[in-house]
Amino acid sequence: MQQVNQRGHRAPQGPAPGAIRTKKYQLDKDLFTKIALGKVWRREWWYALIPFAVVMIPAIFSFSWWWVVAAVIVTILYVALRSAQIVGVTRVEQGNVLFEKVSYDIDQRQLIMKRNEREGMAMTWDMIEKAERSDDAYMLWLKPPADSQMPGGWKGWIARTFQAPVFLHLPYRIFVGANDVKLMESILRRKNLLA
């Protein structure tokens, strides 16, 4: 609630009690690429076996080393294209918001990414699918778009199957103190985002 000062003007409302204010931080594109590629290939490694198996089918009936070479080349092309899709997130204009230097205001209701005191973007906790805690940071994985936001037909299937993961990386060093790190973990546990 805003309070009236001596001149009768309302003072701007400060952060909510129990809110966390971080230092400014900019996610490095190489770090994002490394984490996103690791996540995708841990989950989808077996997708690379599909083009290999499909191209090797004719080798069952008439074996030739050319089929093996073609299967390896097609598999390498698939891995390169899928990896390029992940790296492309760092190059497109829509992804720039992830790599700007921002500070975070975090409370029970939302997480606000602030460029400065006037510009910012609010995210509610229901936009976050899960959180992970590593040795040096929290990673907040954003939910993919809903099916209603995806195109229909085969384009929608491709968009759902080959999505690039998007996340926020919050290193512990951007928090003001150890109490803020503990409060962040407490908020994530209350929101059932952290196991």
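Check the entry above for the structure.
A short tour of the structure in this document, coming up.

Criteria and cut-off values
Residues numbered from 1 in each chain as written. Predicted model: local features only at pLDDT ≥ 70, side-chain atom pairs only at ≥ 80, totals over all residues. Heavy atoms only, no water. Pairing = 2+ DSSP bridges. Helix = DSSP H or I, 4+ residues; strand = E, 2+ residues; numbered from the N terminus. Axes fitted to C-alpha atoms, helices over the stretch in contact; angles between N-to-C directions. Parallel < 35°, antiparallel > 145°, perpendicular 65-115°, else oblique. Left-handed = near helix turned anticlockwise from the far one by under 90°. Contact = heavy atoms within 4.5 Å. Nonpolar A, V, L, I, M, F, W, Y, C, P; charged D, E, K, R; others polar. Buried < 20%, exposed > 50% of the residue type's maximum accessible area, 1.4 Å probe, protein only.

**Observations regarding the sheet that holds strand 2 (residues 103–106)**
(1) Moving on: One open sheet accounts for 4 strands, arranged 1-2-3-4; its pairing is antiparallel. Of all strands in the sheet, those with a lone pairing partner are strand 1 (20–21) and strand 4 (120–124), marking the two edges.
(2) Moving on: Alignment of strand 1 against strand 2, held across 2 bridges, turns out to be antiparallel. The partner of R21 across the bridge, within strand 2, is D105.

**Brief notes about the sheet that holds strand 5 (residues 128–133)**
(1) Moving on: The strand order across the open sheet formed by 3 strands is 5-6-7, and the pairing between neighbours is antiparallel. What marks the edges here is a single partner per strand, and that holds for strand 5 and strand 7 (167–171). Across this sheet, the average inter-strand angle for adjacent strands is 15°, counted without regard to direction.
(2) Moving on: One ladder, built from 5 bridges, connects strand 5 with strand 6 (residues 137–142); its direction is antiparallel. Note that in strand 6 the partner of R133 across the bridge is Y138.

**Some points on the packing of helix 2 (residues 49–61) against helix 3 (residues 65–88)**
(1) Moving on: Running from N to C, helix 2 and helix 3 point in directions that differ by 165°, and their axes come no closer than 8 Å. Taken together, the axes of helix 2 and helix 3 are roughly antiparallel relative to one another. Between helix 2 and helix 3 lies a crossing whose hand is right-handed. Two secondary-structure elements touch here, helix 2 through P51, F52, V55, M56, P58 and A59 and helix 3 through W67, V68, A70, A71, V72, V74, T75 and Y78.
(2) Moving on: Taken together, the residues that form the contact of helix 2 with helix 3 break down as 13 nonpolar, 1 polar and no charged.

**Description of the pairing of strand 7**
(1) Moving on: In terms of residue burial, strand 7 counts as a mostly covered element, since 5 of its 5 residues are buried.
(2) Moving on: Along strand 7, one buried face is formed by F167, H169 and P171 and the opposite face, lined by L168 and L170, is buried too.
(3) Moving on: Two elements, strand 6 and strand 7, share 5 bridges in a ladder whose sense is antiparallel. In the strand pairing of strand 7, Y138 is matched with L170.

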